[in-house]
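Residues per chain are reported as follows:
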Amino acid sequence: MNILRSFYVALSMYSRIPVPRVAWTEDSMKYAMCFFPVIGVVQGVLFAGLWILLVHSGFGVCFRSALLTALPVLVTGGIHMDGFLDTVDALSSWQTKERRLEILKDSHTGAFAIIGGGLYFLLYAGGVSEIQSMRAAVMTGCGFVLSRILSAGALVLLKGAKKEGLAYTFMSGAHRNRTRMALAAELAAVLLVMAELWLTGAVVMAVLAAGTWLYYRGMAYRQFGGITGDLAGFFLQICELLLLYGIVIADRFF
């Protein structure tokens, strides 16, 4: 079935979750973006479960923070962080739009990417260290799903910067109308679950995610002429970091 093959394509491309190998054809990729949030569900369950296990086992904050910071990279294989680093390099170059797109494709890592990656992991570990309650851990897990729904939505709603690359492959292979409907249903579902878990936290996360998405759209159009796979990774990482901070701050004061 095409649906099942699309499921396998999404998980094999965007995670290290073991699934049967399938050929990447137009039919098998047609609905792949519908299943991108499934990786967020797996990641969120593992994140919240690991936090609960480590806390109840009595491990210290530094040990917990290190493992929970590494977990998302281990699940995804670092594919989104790769896009984040490439985008940081491109944005830091202050070159023309064409040159920035070339930098995204460059396999070499620049100094700004290294600095940006180090700063990101430092900030993420700091945010994780402030998770003080089960509701904050679970809501952070929901953030992995929310960020992927919005990232997939961008691929079927926004203009691509070029007619090549991974993002264009998925955009051109997607059945756009059905994918949009599926993602809209998934968005409604995750927002409902978040609201049931903690309404204040859900509102904070929804506002931050929407603001990040609008920034992503504006930045991508202005700096690159559209979105790319690397920019999608950049959005995902920034969104997850902001959602984490939004949750720990809201949990502290509300």
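Up top is the structure these notes are about.
Below or above, wherever it landed, is the structure these notes cover. Given the structure is predicted, the values throughout are model-derived calculations rather than measurements.

## Thoughts on the overall build of the chain
- Within the chain, the regular secondary structure consists of 11 helices and zero strands.
- Computed over C-alpha atoms, the radius of gyration of the chain comes to 18 Å, within 12% of the 18 Å expected from 2.2 N^0.38 for 254 residues, which places it in the range of a compact globule.
- In terms of overall dimensions, the chain has a C-alpha envelope of 50 × 45 × 30 Å along the principal axes.
- Taking all 254 residues of the chain together, 48% fall into the buried category.
- With the model as given, the accessible surface of the chain reaches about 12,000 Å², and the carbon-plus-sulfur share is 66%.
- Within the chain, the 15 negative side-chain charges are centred at a point lying 5 Å from the centre of the 20 positive side-chain charges.

## A closer look at the packing of helix α3 (residues 61–76) against helix α6 (residues 111–129)
- Relative to each other, α3 and α6 sit at 125 degrees, their axes nearing to 9 Å. Classified by the angle their axes make, α3 and α6 are oblique. α6 is crossed by α3, and the crossing has right-handed handedness. Across the interface between the two elements, V61, S65, L68, T69, P72 and V73 from α3 touch F121, Y124, A125, V128 and S129 from α6.
- For the contact of α3 with α6, the residue count by class is eight nonpolar, three polar and no charged.

## Some details on the packing of helix α5 (residues 97–105) against helix α10 (residues 199–224)
- At a minimum axis distance of 8 Å, the contact between α5 and α10 shows a crossing angle of 110 degrees. Accordingly, the angle class assigned to the pair α5 and α10 is roughly perpendicular. Contact residues: α5 offers K97, R100, L101 and L104, while α10 offers Y221, R222, Q223 and F224.
- Of the residues assigned to the contact of α5 with α10, the class counts are four nonpolar, one polar and three charged.

## Thoughts on the nonpolar core
- Counting 68 residues, the largest nonpolar core has F47, Y124, I131 and M194 as its most contacted members.
- A per-element tally of this core places helix α7 (residues 134–157) first, with 13 residues.
- In contact with M194, not counting residues within four places along its chain, are M139, C142, L146, L199, A202 and M205.

## Examining the pattern of salt bridges
- A complete count under the given rule lists four salt bridges for this structure.
- Here E102 makes a salt bridge to R99, at a shortest N to O gap of 3.2 Å. Taken as a pair, E102 and R99 lie in helix α5 at a separation of three residues, close to a single helical turn.
- Judged by its relative accessible area of 44%, E102 is partly exposed.
- Judged by its relative accessible area of 35%, R99 falls in the partly exposed class.
- Note that D251 is salt-bridged to R135, the shortest N-O span being 2.7 Å. Here D251 is found in helix α11 (residues 229–253), whereas its partner R135 is found in helix α7, with 116 residues between them in sequence.

## Remarks on α5
- Taken as a whole, α5 has its buried residues at R100, L101, I103 and L104. Buried positions in α5, seen along its axis, are confined to an arc of 155 degrees and lie on one side of it. Away from its buried face, by an angle of more than 90 degrees, α5 presents the exposed residues E98 and K105.
- Packed against the buried residues of α5 are α4 (79–93), α10 and α11.

## Examining the side chain of R100
- Tracing the backbone through its elements, the reader meets R100 in helix α5.
- Although R100 is buried, it makes no salt bridge; E98 carries the closest opposite charge, 7.2 Å away.
- In terms of polar contacts, R100 uses its side chain to reach the backbone carbonyl oxygen of Q223, at 2.7 Å.
- With residues near it in sequence (within four places) discarded, R100 still touches A90, S93, Q95, R222, Q223 and F224.

## Looking at unusual backbone geometry
- Of note in this structure, W94 is not a glycine but carries a positive phi near 55 degrees.
- Residue placement: W94 occurs in the loop between α4 and α5.

Conventions and cut-offs
- Residues numbered from 1 in each chain as written.
- Predicted model: local features only at pLDDT ≥ 70, side-chain atom pairs only at ≥ 80, totals over all residues.
- Heavy atoms only, no water.
- Helix = DSSP H or I, 4+ residues; strand = E, 2+ residues; numbered from the N terminus.
- Rg over C-alpha atoms; globule rule 2.2 N^0.38 Å.
- Buried < 20%, exposed > 50% of the residue type's maximum accessible area, 1.4 Å probe, protein only.
- Areas by Shrake-Rupley, 256 points an atom, 1.4 Å probe, with all protein chains shown as cover.
- Lys, Arg positive; Asp, Glu negative; His and termini not counted.
- Charge placed at Lys NZ, Arg CZ, Asp CG, Glu CD.
- Axes fitted to C-alpha atoms, helices over the stretch in contact; angles between N-to-C directions.
- Parallel < 35°, antiparallel > 145°, perpendicular 65-115°, else oblique.
- Left-handed = near helix turned anticlockwise from the far one by under 90°.
- Contact = heavy atoms within 4.5 Å.
- Nonpolar A, V, L, I, M, F, W, Y, C, P; charged D, E, K, R; others polar.
- Core = buried A, V, L, I, M, F, W, Y, C linked by side-chain atoms within 4.5 Å.
- Salt bridge = Lys/Arg side-chain N within 4 Å of Asp/Glu carboxyl O.
- Arc of directions from axis to C-beta.
- Polar contact = N/O pair within 3.5 Å; in protein donor to acceptor, adjacent residues only side chain to side chain.

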